[in-house]
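Listed here are the chains, written in short residue letters.
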Amino acid sequence: METAGAERTGRTAHEGHAGQQGQEAYADWDGLVGAALLGTERRRGGSPRALLDEAAVQTLRRRAGLRPAQAQERPEPAPRDPRPEPPEAARRRFTQLLAGRGAGGSGGRRGAAPDLTELLPQWLAAAVRHGYRAPAALAPALLDAAKARTDLRPHALALAGSRGLWLARLNPDWRFALRGGAAGTPELPGPEDREGVERLWQEGLFAERVALLGAVRAHDPAAATALLTTTWTAERAEDRLMFLDSLRVGLSDLDEPFLEAALGDRSRNVRATAAELLSALTGSALAGRMAERALACVGPEGIDPPTECDAGMLRDGVVKRPPAGRGERAWWLGQLVEAAPLSRWRERFGGLDPAAIVALPVGDGWAEELHAAWCRAAVRQRDPQWSKALLGSASAPPAAGPGTASLAERAKLLSVLPDGERAEWVAEFVRAHGLSEAFQLLGVCVVPWAGALGLAVVDALDAARQAGSYPWSFSGVMGLAERCLDPADASRLEALTRAPGDTVEVSPGAAAYWEEAFQRLASTLHLRATMLAELTPPS
Amino acid sequence: MTEQGVRWTAEQVLALAPDDASRKAGGKLGGAGPWSQTGGSASGAVWGLCKGSGKTPYRTVVDLTGPAYKCSCPSRKFPCKHALGLLLLWAAEGVGDPAPEPEWAGEWLAERAAKAARPAVAKPVDEEAARKRAERRAARIGAGVTELEQRLLDLLRGGLAGQEQAGYGAWEETAARMVDAQAPGLASRVRELATIPGCGPGWPARMLEEFALLHLLDQAWLGVSGLPEQLAATVRTRVGLAPSAEGEAVRDHWLVLSQYDSVSPDGRLITRRIWLRGLAGGRPALVLDFGPPGRPPGLALPVGLVLEAEVRFRPGSAGLRADLGERCAAAVPGGRAPVGVSAEAALEAYGAALREDPWLESWPVVLGPVVPVPGEWGWQLADLEGTSALPVPLAGPGGRSRSGLWQLAAVSGGGPVTVFGEVGHRGFTPLTAWQPDSPEPVALV
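Residues numbered from 1 in each chain as written. Chains lettered and ligands numbered in written order. Predicted model: local features only at pLDDT ≥ 70, side-chain atom pairs only at ≥ 80, totals over all residues. Heavy atoms only, no water.

Structural notes on the overall build of chain B
Argument step 1. Per the secondary structure count, chain B includes twelve helices and 16 strands.
Argument step 2. Across its three principal axes, chain B shows a C-alpha extent of roughly 75 × 60 × 40 Å.
Argument step 3. Here the contacts in chain B between residues at least 6 apart in sequence split such that 61% fall between residues at least 24 apart.
Argument step 4. Total accessible area computed for chain B in this model is approximately 19,900 Å², and 54% of it derives from carbon and sulfur atoms.
Argument step 5. Counting 45 positive and 48 negative side-chain charges, chain B places the averaged centre of each group 8 Å from the other. (Helix = DSSP H or I, 4+ residues; strand = E, 2+ residues; numbered from the N terminus. Contact = heavy atoms within 4.5 Å. Areas by Shrake-Rupley, 256 points an atom, 1.4 Å probe, with all protein chains shown as cover. Lys, Arg positive; Asp, Glu negative; His and termini not counted. Charge placed at Lys NZ, Arg CZ, Asp CG, Glu CD.)

Overview of the overall build of chain A
Argument step 1. What chain A contains, in helices and strands, is 28 helices and three strands.
Argument step 2. Sorting the 539 residues of chain A into buried and exposed places 47% on the buried side.
Argument step 3. Sequence separation of 24 or more characterises 69% of the internal contacts of chain A that already satisfy a separation of 6 or more.
Argument step 4. Counting every atom, chain A has about 25,100 Å² of accessible surface; 52% of that belongs to carbon and sulfur. (Buried < 20%, exposed > 50% of the residue type's maximum accessible area, 1.4 Å probe, protein only.)

Points about the interface of chain B and chain A
Argument step 1. Contacts between the two partners involve 76 residues from chain B, matched on the other side by 63 residues from chain A.
Argument step 2. Counting the surface lost from both chain B and chain A, the interface buries some 5,700 Å², and carbon and sulfur atoms represent 61% of this.
Argument step 3. For chain B, the biggest contributors to the area lost against chain A are Arg157, Leu208 and Trp406 of chain B; these three give 11% of the whole.
Argument step 4. At the boundary of chain B with chain A, the tally comes to six salt bridges.
Argument step 5. Two residues, Arg63 of chain A and Glu361 of chain B, come together in a salt bridge whose shortest N-O distance is 4.0 Å.
Argument step 6. Applying the counting rule to chain B against chain A returns 22 residue pairs in polar contact (both at pLDDT 80 or more).
Argument step 7. In terms of residues, the side of chain B that touches chain A owes the most to one element, helix 9 (residues 203–222) of chain B, which gives twelve residues. (Buried area = accessible area lost by both parts, 1.4 Å probe. Salt bridge = Lys/Arg side-chain N within 4 Å of Asp/Glu carboxyl O. Polar contact = N/O pair within 3.5 Å; in protein donor to acceptor, adjacent residues only side chain to side chain.)

A closer look at the side chain of Ser258 of chain B
Argument step 1. Within the secondary structure layout, Ser258 of chain B lies in strand 5 (residues 249–263).
Argument step 2. Overall, Ser258 of chain B belongs to the buried group, its relative accessible area being 2%.

Notes on the confidence of the model for chain A
All names here are of chain A.
Argument step 1. For chain A, the mean per-residue pLDDT works out to 84, and 86% of the residues sit at or above 70.
Argument step 2. Taken element by element, chain A is modelled with least confidence in helix 1 (residues 4–8), mean pLDDT 37, and with most confidence in helix 15 (residues 285–297), mean pLDDT 95.
Argument step 3. Within the model, the stretch residues 1–10 combines pLDDT values under 50 with 18 contacts to residues more than four positions away or in other chains.
Argument step 4. Segment residues 102–110 is flagged for pLDDT under 50; beyond a separation of four residues in sequence, or across chains, it makes ten contacts in the model. (pLDDT = per-residue confidence, 0-100.)

Some words on the packing of helix 9 (residues 194–203) of chain A against helix 10 (residues 206–219) of chain A
All names here are of chain A.
Argument step 1. Taken N-terminus to C-terminus, the directions of helix 9 and helix 10 make an angle of 145 degrees; their axes are 9 Å apart at the nearest point. Judged by the sense of rotation from one axis to the other, the crossing of helix 9 with helix 10 is left-handed. Contacts from Val197, Leu200 and Trp201 of helix 9 reach helix 10 at Glu208, Arg209, Leu212, Leu213 and Val216. (Axes fitted to C-alpha atoms, helices over the stretch in contact; angles between N-to-C directions. Left-handed = near helix turned anticlockwise from the far one by under 90°.)

Examining the environment of Thr195 of chain B
All names here are of chain B.
Argument step 1. Inspection of the secondary structure assignment puts Thr195 in helix 8 (residues 184–195).
Argument step 2. Expressed as a C-alpha distance, the spacing of Thr195 and Ala91, which sit 104 residues apart in the sequence, is 41 Å.
Argument step 3. A polar side-chain atom of Thr195 sits 2.6 Å from the main-chain carbonyl oxygen of Glu192.

As for the layout of surface pockets
Residues and elements named next belong to chain B.
Argument step 1. Put simply, the second largest pocket is a space of about 920 Å³.
Argument step 2. Together, 37 residues line the second largest pocket, and Asp63, Thr65, Gly66, Arg112 and Ala116 are the ones closest to its centre.
Argument step 3. Elements with a contribution of two residues or more to the lining of the second largest pocket: strand 4 (68–71), helix 4 (103–117), strand 7 (284–291) and strand 9 (321–327).
Argument step 4. No other element matches helix 4, which puts five residues into the lining of the second largest pocket.
Argument step 5. Looking at the lining of the second largest pocket residue by residue, the class counts come to 22 nonpolar, eight polar and seven charged. (1 Å grid on protein atoms, 1.4 Å probe; cavity = no way out; pocket = protein on both sides within 12 Å on 5 of 7 lines; lining within 4 Å. Points joined across faces, edges and corners; volume = space filled by probe spheres on them. Nonpolar A, V, L, I, M, F, W, Y, C, P; charged D, E, K, R; others polar.)

Right under this line is the structure:
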């Protein structure tokens, strides 16, 4: 076959791919295609066979004589990531976990196989902790996983590092990675590059500006609020609200003047958010004003809620109209107490400590309102002493607690306690009340669960089994346990999987289901232990 | 590594499962929980006892070189969930250093070894009857070819312009006639024709190319007795006849360059393509394995492994198609990346191969160093000077999944990589990549 002729035509692989023709040199081939379209009866003197013969020769000449295409502009190379890749076994595991995501789910959470989906976040966290980078070939799958699950993003992006951002700039599917804020946006100017900061602040997209604000704030809080002030009045109300919201991170007394000014904002939502932030700054003037008002209503002598919502209260963010079904006075009282610094109650109640104050009887049915407001204040001011007082005893029936019977509220209060106390409190709760109510509370405990907490959960599961329940009544807790139990607890579980079958079967088949459930739990823990060991750097 | 060769990935194991239920059941047994006395040999076998519902545990052995399975469970599925579970366990955690096998596993393994050593006894053939059968079939194919040729000529006489509206029906009928004529190769080419008008601008040129190549095949068949032996064999294979002669056997250390599956348009047949390259001889080989409906192919060769084996090449088809013969030892990791060629040389190799098989769609090459260039209109693999490049087909036959391309981009990070793939008239389809400083191949899925 002669290729030189085709080479002279300069036909390139690229053109072949895109099916472009039309230059003079292809006149022959184009002529053939034209004749084929119109039909040989109308052109070429009616010999379809001659047309096919010619086309066969041309086709092969075109194929055999292909030349490389002109190269397009190349992307900038990705910056080098100096971090090491994880060890081989960990890389295999990672591949498996990424491939396994989304594979579960069908048929519910039955069977003894470990649930890989839940292990991925832990793998990511551990890998970041050890300072590894994601193997390059797995970066796309990692970005896909992070796209689907926002909870994975911070760790996934940290692991993917500069290679991940490089990919995200090329593929619109992964744009979210560029909005990562603190996770690393190399396009942001350095906080000291005043001109760059100024330009991006004036011209940037909203997300870029939020990220910029965060970066500047981390470097110099005063500079951040100064930057905000330059354009504040020109921002749209919803943007003002979002900017204000971003001040929650690293909130300090330095922010008070800015927030105080925002109390006069045109938008009610902005005013309310500014007031809320100021009340979290217990030394702020607003907190002081609210304390004045609250202390006037609540004291050892009883409760006397405000009778009106005056202009001062309005300016300090008190919302005048109560939601449907609530009395005005109770609504105002709640807002005042919630915003008042908790430290001020000690003197008001003659030196009593929080537990004693909370334990005092409250007259005229105001107890629920007052305690709920104290709960919100404890969470907002991150006050562990008050949180503990409001949580009360874990073993008492929830409804009898001093603070709130709501598990969501209690979970919030728990999150203010130090790790150890939190685990202890929840362990005691589980021992007293079992697992059916404990899900939300377990969710705020630090992973892996402390020994006593893990023990309480496993014991409670065992008790549920003996009582004849089915394991799927506890599927939520089971899932949590797979993620959170210390792998060291696996041996205890393995003993349970071999529990003797001599007990009377209260519920048909339950024993077998429990055995399977415990087996899955044990094998997940085993897998987690192996997985974490694989990530440990060889020393 | 001191274990049973390179461990497979979980996907490789799960690809062996006969159905979805087995995949799930195998997955459940993939942890250490139910297993005891697991172990493996250096020659590539793993075994273990799996606790089931009964008193005696099941005895499961897998010969990784096959792979072949043996299990004392009553399941008729093959491989059974225990074999899958054992392989998953091995894939995830390994089964430790090589050890002598227990008696129950040893018996079966020894039996297999003995069987492999025995040469297959050829059945006596009734040559006269076979010749008659071949003649009859040749006559039927000849009639089919003549009919097809007539149809092509008729269409060209009236013009292809109406084909955009013609739909699949007419081609489907012609394809059925080719099946009746016992020419499955022609039938599938005809079926392809039906899809061309739907693939966008430039379809008339593509259609004419396919017409021309079909015409060439028709003519070649009609004159097959006058062709040189290799080309005649190619023509017979392309029409759809099984090879008649034994091909050349080549013994070498074969590097597995790629393994990927494709599913037939009706979803019934899975074709696994495995690309090998002889490390000493440099010869490429394509090993195909097929999975019957609902079952994946049995042959699994992870990319990057090197196996010492005899490969038997089928006659014709540019000497690519091959069958894997006797394997001499368990596969081991390859150790280094192959050396790549330029875009120019890759296209030349394809052009040269067309001489032996004008119907060849693509040719396997290792390309590199090249830089993948993602582009809005299409991807390229460009040389380091940034002058010449090969386009990457994004859709249509041979087009790879987008995720594989992004993996390629991720591996390169804008820098040079070595890429194995198939180069043809549509461009270069990347299948496996190597980073500059790593011998470890990345299969682009």
